[in-house]
Amino acid sequence: MSAETPVQSAGTFTRLRLRFRDWRGTRPFWAGLFTLLGGIPIAYFPYATLKLGHMSLAMATTAGAGSLIIGVLLFTLGLTMWFQSATRIFAGVASILLALVSLVVSNIGGFLIGFLLALIGGALALSWAPGEPPVEAAGEHDGADAPTGEAAPDATSQAPAVAPQFPAVSFEKGEDGEADGVRAAGGHRVG
């Protein structure tokens, strides 16, 4: 490669991957994923039929409808965390409560798999906080992209910096006439 070689544009996969990474970084993605995955075993196991040769084993219980409701609600809360990140606190608390209820209602919370996934997802949603936007350096901003559509004021039009104010100090002389130390305005000895 030489300096004259034009830069090749990023491929479609790279652009999509970078867009997904930016989207994922602005919301509680992992909290939503764990909550969504936690709803699947909670809703699935009460309706599953396991075949062992010629014998079928059904896990259907009387709480099948409750398990289905809890599973669907957890799935919905996971999607809510992704697409409505402002409601992450509500969704996190609701996920934790539904995970706890699933222990009693849905085959020990989907054999503890769904319970643990939903509990971790709810905890992650409660602990997630949106990041601060990056701050530009003062010398790099030219005002062309100001949010109001107007150019930002030049650095020369701003008021000059004010010097810091220090408390008044007085020097004290000891018995031998030498400077004994410094006393600040509040009367505290400094040196």
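**Observations concerning the overall build of the protein chain**
Secondary structure summary: the protein chain contains six helices and four strands in total. Counting helices and strands in the order they occur from the N terminus, the protein chain gives α-α-β-β-α-α-α-α-β-β. Sorting the 191 residues of the protein chain into buried and exposed places 24% on the buried side. Excluding contacts between residues fewer than 6 apart, the proportion of contacts in the protein chain whose partners are at least 24 apart in sequence is 57%. Carbon together with sulfur atoms contributes 66% to the accessible area of the protein chain, which is approximately 13700 Å² in total.

**Topic: the nonpolar core**
Of all hydrophobic cores here, the largest spans 13 residues; its most connected members are Ile70, Leu74, Leu77, Met81 and Leu98. Elements supplying a minimum of two residues to this core: helix H2 (29-44), helix H3 (64-83), helix H4 (88-105) and helix H6 (113-127).

**Description of H6**
For H6, spanning 15 residues, the distance from its first C-alpha to its last is 21 Å, which sits close to the expected 21 Å at 1.5 Å a residue. Those residues of H6 lying buried are Gly114, Phe115, Ala118, Gly121, Gly122 and Ala125. Seen end-on, H6 carries its buried residues on one side only, within an arc spanning 140 degrees. Structurally, H6 contributes buried residues whose contacts are with H2, H3, H4 and helix H5 (107-111).

**Some details on unusual backbone geometry**
Phi angles above zero are rare outside glycine, and Phe111 is one such case at about 55 degrees. Among the residues examined, Phe111 registers a relative accessible area of 41% and is labelled partly exposed. Of note, the phi angle at Leu112 is positive, near 65 degrees, even though the residue is not glycine. On the secondary structure map, Leu112 appears in the loop between H5 and H6. A residue is classified by how much of its surface remains accessible, and Leu112, at 40% relative accessible area, is partly exposed.

**Description of the side chain of Thr35**
Among the secondary structure elements, Thr35 is positioned in helix H2. Assessed through its relative accessible area of 0%, Thr35 is described here as buried.

**Quick look at the environment of Phe34**
Secondary-structure assignment places Phe34 in helix H2. Taking the relative accessible area as the measure of exposure, Phe34 reaches 26% and is therefore partly exposed. For the pair Phe34 and Leu116, spaced 82 residues apart in sequence, the C-alpha separation works out to 8.9 Å. Those residues in contact with Phe34 that sit more than four places away from it in its chain are Leu117, Ala118, Ile120, Gly121 and Leu124.

**Remarks on the side chain of Ser67**
Mapping Ser67 onto the fold places it in helix H3. Since its relative accessible area comes to 0%, Ser67 is described here as buried. Within polar-contact distance, the side chain of Ser67 engages the side chain of Ser106 at 3.1 Å. With sequence-adjacent residues up to four places away left out, Ser67 is seen in contact with Ile42, Ala43, Pro46, Val105 and Ser106.

**Here's the deal with the packing of H4 against H6**
Here H4 crosses H6 at 160 degrees, and the two axes come no closer than 8 Å. When the interaxial angle is binned, H4 and H6 end up roughly antiparallel. Along this stretch, H4 crosses H6, giving a crossing that reads as left-handed. Residues Arg88, Ile89, Gly92, Val93, Ser95, Ile96, Ala99, Leu100, Ser102 and Leu103 of H4 pack against Phe115, Ala118, Leu119, Gly122, Ala123, Ala125 and Leu126 of H6. Partitioned by chemical class, the residues of the contact of H4 with H6 number twelve nonpolar, four polar and one charged.

**Side note on the confidence of the model for the protein chain**
When the pLDDT values of the protein chain are averaged, the result is 77; 63% of them are 70 or greater. Mean pLDDT across the elements of the protein chain ranges from a minimum in strand E4 (residues 179-184), with 56, to a maximum in H6, with 94.

**Some words on the packing of aromatic side chains**
To describe a pair of aromatic rings, one takes the distance between the centres and the angle between the planes. If you walk through the whole model with that rule in mind, you get ten aromatic pairs. Taken together, a centroid distance of 6.2 Å and an interplanar angle of 70 degrees make the contact between Trp23 and Trp82 edge-to-face. Remark: Trp82 occurs in helix H3 and Trp23 occurs in helix H1 (residues 12-25); sequence separation between them is 59 residues. The exposure class of Trp82 is buried, given its relative accessible area of 13%.

Rules used throughout
- Residues numbered from 1 in each chain as written.
- Predicted model: local features only at pLDDT ≥ 70, side-chain atom pairs only at ≥ 80, totals over all residues.
- Heavy atoms only, no water.
- Helix = DSSP H or I, 4+ residues; strand = E, 2+ residues; numbered from the N terminus.
- Buried < 20%, exposed > 50% of the residue type's maximum accessible area, 1.4 Å probe, protein only.
- Contact = heavy atoms within 4.5 Å.
- Areas by Shrake-Rupley, 256 points an atom, 1.4 Å probe, with all protein chains shown as cover.
- Core = buried A, V, L, I, M, F, W, Y, C linked by side-chain atoms within 4.5 Å.
- Expected span 1.5 Å × (residues − 1).
- Arc of directions from axis to C-beta.
- Polar contact = N/O pair within 3.5 Å; in protein donor to acceptor, adjacent residues only side chain to side chain.
- Axes fitted to C-alpha atoms, helices over the stretch in contact; angles between N-to-C directions.
- Parallel < 35°, antiparallel > 145°, perpendicular 65-115°, else oblique.
- Left-handed = near helix turned anticlockwise from the far one by under 90°.
- Nonpolar A, V, L, I, M, F, W, Y, C, P; charged D, E, K, R; others polar.
- pLDDT = per-residue confidence, 0-100.
- Phe/Tyr/Trp six-rings, centres within 6.5 Å; stacked < 30°, edge-to-face > 60°.

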